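Here is what each chain is made of, one letter per residue.
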Amino acid sequence: MSLIPSIFGGRRTNVFDPFSLDVWDPFEGFMRPSGLANAPAKDVAAFTNPKVDWSETPEVHVFKADLPGLKKEEVKVEVEDGNILQISGERSSEDEEKSDKWHRVERSRGKFMRRFRLPENAKVEEVKACMENGVLSVTVPKVPERKPEVKSIDISG
């Protein structure tokens, strides 16, 4: 039996259905096409952003983005306007059968894009990216810092 009576949203109250014991969701079915209460919300999660870590060492800037389930062909890494690093792509929905009954659709899908303004010391022509185990790593080398030339002057006298 559910926690809220079935008059709110027509939930099933079956003690043998483990999903009927969920807490009532007041937004259930919100912004879904009518008549598709059990279908996944394809158009609702249209734009999601992956989590990205940006670290800096004395030699490089390193960006790591969590992109589970994506192939490298589904991700783009670009440098725009000489100093904007852009990571974009699309996480497409899985094929579904008409007979499938959906209980939850929580994994995000759709297009994503993250942009980062690179510092002036970034060598944008030498950016490298690799993808392993669902983690995209982008390495941006830095221009080595110039150490000031020190010229010793003899003191006469």
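Conventions and cut-offs
- Residues numbered from 1 in each chain as written.
- Predicted model: local features only at pLDDT ≥ 70, side-chain atom pairs only at ≥ 80, totals over all residues.
- Heavy atoms only, no water.
- Pairing = 2+ DSSP bridges.
- Helix = DSSP H or I, 4+ residues; strand = E, 2+ residues; numbered from the N terminus.
- Axes fitted to C-alpha atoms, helices over the stretch in contact; angles between N-to-C directions.

Draft legend 1. Fine view of the sheet that holds strand 5 (residues 110–117). Pairing is antiparallel in the open sheet, where three strands are placed in the order 3-4-5. What marks the edges here is a single partner per strand, and that holds for strand 3 (75–80) and strand 5. Averaged over all neighbouring strand pairs, the angle between strand axes comes to 15 degrees, with direction disregarded. Strand direction decides the pairing type here: strand 4 (residues 84–91) and strand 5, joined by eight bridges, are antiparallel. Across the sheet, residue Leu 85 finds its bridge partner in strand 5, namely Phe 116.

Draft legend 2. Molecular detail of the sheet that holds strand 6 (residues 128–132). Strand order in this open sheet of four strands is 1-2-7-6, and the pairing throughout is antiparallel. Edge strands, defined here as strands with exactly one partner in the open sheet, are strand 1 (52–56) and strand 6. For this sheet, the mean angle separating the axes of adjacent strands, direction not counted, is 15 degrees.

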